[in-house]
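Below are the chains, spelled out letter by letter.
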Amino acid sequence: MTRKYEALIVLDTKGKEETIDSLVSTISKDMEKSGLKLEQIDNMGKRKFPFNPRHVEAGHFVKIQFNGEPAALDSLRSKLRLNENVYQQYYQKRCA
């Protein structure tokens, strides 16, 4: 059963040479390989955290809307957990 989801991905770009666009394209390719269909990608920019968890002062926020199976989402979560550029990831189901 295909469902609609929304993801908020926080990227840690501190000390990284890669551009934001290349990081986002890598994540979107991982999503498509997992069997998810992307609808919209919104680059929300860099924002400072109210406190410094794990010595990270700021993160680059990206909001992605997509469709897919729950099993494909589980596969994506485990794959992005291993990506060192992904600082945090949040998912929620969207209403029709």
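Our subject in this report is the structure included herewith.

**Some words on the nonpolar core**
No. 1: Of all hydrophobic cores here, the largest spans 19 residues; its most connected members are Ile 9, Leu 11, Ile 27, Phe 66 and Tyr 91.
No. 2: Contributing elements (two or more residues each) for this core: β1 (3-11), α1 (20-33), β3 (58-68), α2 (70-81) and β4 (86-93).
No. 3: Ranked by residue count, the leading element in this core is α1, at 5 residues.
No. 4: Discounting residues that sit within four places of it in the chain, Ile 9 has contacts with Ile 27, His 60, Phe 61, Val 62, Ile 64, Leu 80, Val 86, Gln 88, Gln 89 and Tyr 91.
No. 5: Core analysis: the next-biggest nonpolar cluster, separate from the first, contains 5 residues, Val 10, Phe 49, Val 56 and Tyr 87 among them.

**Observations regarding the side chain of Ser 34**
No. 1: Along the chain, Ser 34 falls in the loop between α1 and β2 (37-48).
No. 2: Classification of Ser 34 by relative accessible area gives buried; the value is 16%.

About the cut-offs
- Residues numbered from 1 in each chain as written.
- Predicted model: local features only at pLDDT ≥ 70, side-chain atom pairs only at ≥ 80, totals over all residues.
- Heavy atoms only, no water.
- Core = buried A, V, L, I, M, F, W, Y, C linked by side-chain atoms within 4.5 Å.
- Buried < 20%, exposed > 50% of the residue type's maximum accessible area, 1.4 Å probe, protein only.
- Helix = DSSP H or I, 4+ residues; strand = E, 2+ residues; numbered from the N terminus.
- Contact = heavy atoms within 4.5 Å.

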